[in-house]
Amino acid sequence: MNRYLRLAALTLALAPLAYPWGNLVRAADAPGKTVSGVRYHGGDEIILQGFHWNTVRTSSNWYATLASMAPTLAADGFSAIWMPVPWRDFSSWSDPGNGTSGGGEGYFWHDFNKNGRYGSDSLLRQAAGALNAAGVKPIYDVVPNHMNRGYPDKEINLPAGQGLWRHDCNDPGNYANDCDDGDRFMGGDADLNTGHPQNYAMFRDEFARLRSQYGAGGFRFDFVRGYAGERVASWMSDAHDNGFCLGELWKAPGEYPSWDWRNGASWQQILKDWSDRAKCTVFDFALKERMQNGGIADWRHGLNGNPDARWREVAVTFVDNHDTGYSPGPHGGQHHWPLPDARLKQAYAYILSSPGTPVVYWPHMYDWGHGDFIRQLIQIRRAAGVKAASAIQFHSGFSGLVATVSGSQQQLLIALDSNLSTPSQVASGDFTQALNTDNGAIRIWRSGQSDDEEQGDLVSVNFRCDNGVTQWGDSVYAVGNVAQLGNWSPASAVRLTDTSAYPTWKGSIALPAGQQVQWKCIVRSESNPTQVKTWQPGGNNAVTVAAGASTAGSF
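Residues numbered from 1 in each chain as written. Predicted model: local features only at pLDDT ≥ 70, side-chain atom pairs only at ≥ 80, totals over all residues. Heavy atoms only, no water.

Scanning the model with the defined rule gives 30 salt bridges in all. As a salt-bridge pair, E206 and K114 come within 3.0 Å of each other at their nearest N and O atoms. One end of the pair, E206, is in helix α4 (residues 197-213); the other, K114, is in the loop between β2 (80-83) and α3 (121-134), with 92 residues separating them in the sequence. With respect to class, E206 is no different from K114; both count as buried. Among the ionic pairs, E206 bridges to R209, the shortest N-O distance being 2.9 Å. On the criterion of helical spacing, the pair formed by E206 and R209 is a turn pair, its members being 3 residues apart in helix α4. For R209, a relative accessible area of 32% puts it in the partly exposed group. A single salt-bridge network, built from bridges that share partners, covers D76, D372, R375 and R495. (Salt bridge = Lys/Arg side-chain N within 4 Å of Asp/Glu carboxyl O. Helix = DSSP H or I, 4+ residues; strand = E, 2+ residues; numbered from the N terminus. Buried < 20%, exposed > 50% of the residue type's maximum accessible area, 1.4 Å probe, protein only.)

W87, Y140, F207, F221, Y348 and Y350 are the most contacted members of the largest nonpolar core, which has 117 residues in total. The greatest single-element share of this core, amounting to 7 residues, is contributed by helix α2 (residues 62-75). For Y348, the contacting residues outside a window of four places in its chain are V319, V359, V360, Y361, H364, F373, I374 and L377. One finds V482, W505, V517 and V543 within the second-largest nonpolar core, a separate group that totals 20 residues. (Core = buried A, V, L, I, M, F, W, Y, C linked by side-chain atoms within 4.5 Å. Contact = heavy atoms within 4.5 Å.)

Our focus in this paragraph is the packing of aromatic side chains. Under the definition given, this model contains 30 aromatic pairs. Look at F207 and F221: their rings are 5.6 Å apart centre to centre, the planes differ by 85°, and that puts the pair in the edge-to-face class. Taken together, the positions of F207 in helix α4 and F221 in strand β4 (residues 218-221) put the pair 14 residues apart, joining distant regions of the chain. There is no split in this pair, since F207 and F221 are both buried. Geometrically, the ring pair formed by F463 and W519 is edge-to-face, given 4.8 Å between the ring centres and 70° between the ring planes. Taken as a pair, F463 in strand β14 (residues 458-466) and W519 in strand β19 (residues 516-525) lie far apart in primary sequence, 56 residues in all. (Phe/Tyr/Trp six-rings, centres within 6.5 Å; stacked < 30°, edge-to-face > 60°.)

The next subject is the sheet that holds strand β13 (residues 442-447). In spatial order, the strands read β9-β10-β11-β13-β12; together these 5 strands make up an open sheet with antiparallel pairing. Strands at the two margins of the open sheet, each flanked by one partner only, are β9 (391-394) and β12 (431-437). Strand-to-strand twist across the sheet, computed as the mean angle between neighbouring axes with direction ignored, equals 20°. Pairing of strand β11 (residues 411-416) with β13, which is carried by 5 bridges, proceeds in the antiparallel orientation. Considered in β13, the bridge of L413 is made with W445. Packing against the sheet, helix α9 (residues 341-351) makes contact with β9, β10 (401-406), β11, β12 and β13, and its axis sits at approximately 20° to β13. Helix α11 (residues 371-384) contacts β11, β12 and β13 of the sheet and is inclined by roughly 160° relative to β12. (Pairing = 2+ DSSP bridges. Axes fitted to C-alpha atoms, helices over the stretch in contact; angles between N-to-C directions.)

Next up on the list: the sheet that holds strand β17 (residues 498-501). The sheet built from 4 strands is open, its strands ordered β17-β18-β14-β22 with mixed pairing. Edge positions in the sheet fall to β17 and β22 (550-554), since each has one partner strand and no second. Taken pair by pair, the neighbouring strands of this sheet meet at an average axis angle of 30°, ignoring direction. Strand direction decides the pairing type here: β14 and strand β18 (residues 504-512), joined by 8 bridges, are antiparallel. Bridge pairing in β18 places V461 opposite I509.

Looking at the element boundaries, N145 is found in the loop between β3 (137-142) and α4. Side chain to side chain, N145 and H146 meet in a polar contact 3.4 Å long. (Polar contact = N/O pair within 3.5 Å; in protein donor to acceptor, adjacent residues only side chain to side chain.)

Our focus in this paragraph is the confidence of the model for the protein. Averaged over every residue, the pLDDT of the protein is 86; the share at 70 or more is 87%. Overall, residues 1-31 carries pLDDT values under 50, and its contacts beyond four positions in sequence, including any with other chains, amount to 81 contacts. Across residues 258-264 the pLDDT falls below 50, and counting only partners more than four positions away or on other chains, this stretch makes 11 contacts in the model. (pLDDT = per-residue confidence, 0-100.)

Our next topic: the state of the cysteines. The tally for this structure, following the rule as stated, stands at 2 disulfides. A sulfur-sulfur separation of 1.6 Å characterises the disulfide bridge that pairs C245 with C280. Torsion about the S-S bond of the C245 and C280 cystine: about 50°, corresponding to right-handed handedness. One end of the pair, C245, is in strand β5 (residues 244-247); the other, C280, is in the loop between α6 (266-278) and β6 (281-283), with 35 residues separating them in the sequence. (Disulfide = S-S within 2.5 Å.)

Its place among the elements puts W362 in helix α10 (residues 362-367). For W362, a relative accessible area of 4% translates into the label buried. Separated by 310 residues in the primary sequence, W362 and H52 place their C-alpha atoms 6.9 Å from one another. When sequence neighbours within four positions are dropped, the list of residues in contact with W362 reads L48, Q49, G50, F51, W62, L66, M69, L73 and D367.

A word on the packing of helix α5 (residues 229-239) against α6. At a minimum axis separation of 7 Å, α5 and α6 run at an interaxial angle of 40°. Like other packed secondary-structure pairs, α5 and α6 cross with a definite hand, here right-handed. For the pair α5 and α6, contact is made by G229, E230, V232 and A233 and by W274, R277 and A278, respectively. Of the residues that constitute the contact of α5 with α6, the class distribution is 4 nonpolar, 1 polar and 2 charged. (Left-handed = near helix turned anticlockwise from the far one by under 90°. Nonpolar A, V, L, I, M, F, W, Y, C, P; charged D, E, K, R; others polar.)

Right under this line is the structure:
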């Protein structure tokens, strides 16, 4: 977690158990690991961070929200969700002035009791069941390094003086003489010695419980500076060998050798080294640093842009999270290292069309109006077959960033803040523009061309369906006579996601400019794409496609 950082510088084997709700592992997850054994689930994940810093201050029952949203998350293209820490945390918010200190988010947890500020144990189980049933695997945030040692009513009470705590070691002020094998958390007096056999087994058994009883598809390990990568590998082998694994490794620039992006990124080297030892993917802080401090052309220096596929496949890319970015609610959350708004859309365009495993921040998706743009990028990524290890080639001689990404189905050509005129300047073959927004600052082309795309570039059209009264698990979709609207196939219709004026449903959809489009509103099950509950009566709606055009239908 970024709150641990020196901000001034930048600032024993268990048998597999089945889920209670059945075996719901997707076919794409079968490979599980890279050739070198890193647990990345085939590299095809698109992850949603399923909380923000102020979630416990703005929602009285977040688990119920996640359960109700499960079909929506799946329909939006997410295959996994980064869950908050599931362990009980009733610590107080000790710094109300700026909102950056812990208070109930799970990072100052007391014990493994699941009745916490995000909701009850039973509701967590229900949320996990709903998410797995929708095909969205829960990846739990876990915090082995530290806990709230002083909370009076813990169910876990580890005695002092037995080597279970870092603070019990000789000379606790000297890193070299600490009994634990990682960096201390803050003062270190609440740090657990994860190398102690008792502590190791305690976490191993809890991870197995999260897998068998709470539907865990994997784990996000917090503050992996605080314990050895090899220990993470051992925990995963013992408790969830086929699970997804992700580590948060952060260091300030002054702590890295050879801080020179021209001659190789030392952040990349340290991230890759930890991944090799932990057999886990790792957050691409090399890319995050370049997004914050470099020009847009420097984004090529992220771990996800490394020429070696073995490096790209372990990168988990992100724009912001609960530590670095703003959050809805009091004081805007932590916002220790937020990306400037002017770069946010370009950053999402890059991580969702390039190698690595992308993570989308919940407020960007569902609170702050970027959902339609992100959905469009997810559709482009999925259609092209871009995965974590996909090849990427950067092109010089242009302003901004220009890169070709080779997915399993299509190539994508990305131009961000660039003076590139046509794809033919850097690539051969036919390319069709898939995205052109922000006055040309964000452009993506895809290889191949279809008949309906020959009529013009894709532009955003505003759709509205009135009187769309629905039951739980249903949504309103637009279906029509072009590929982008499913060619009249309800299973390929496009869901309208803005329900702020329910029962009116709205959304923006990219269509070929200049084309005459016929379409209708339908009510469809989110979990069963072929189940249409209601068709809009009467004749078809029609619109001549132009940027910013609006069209409406009604039930």
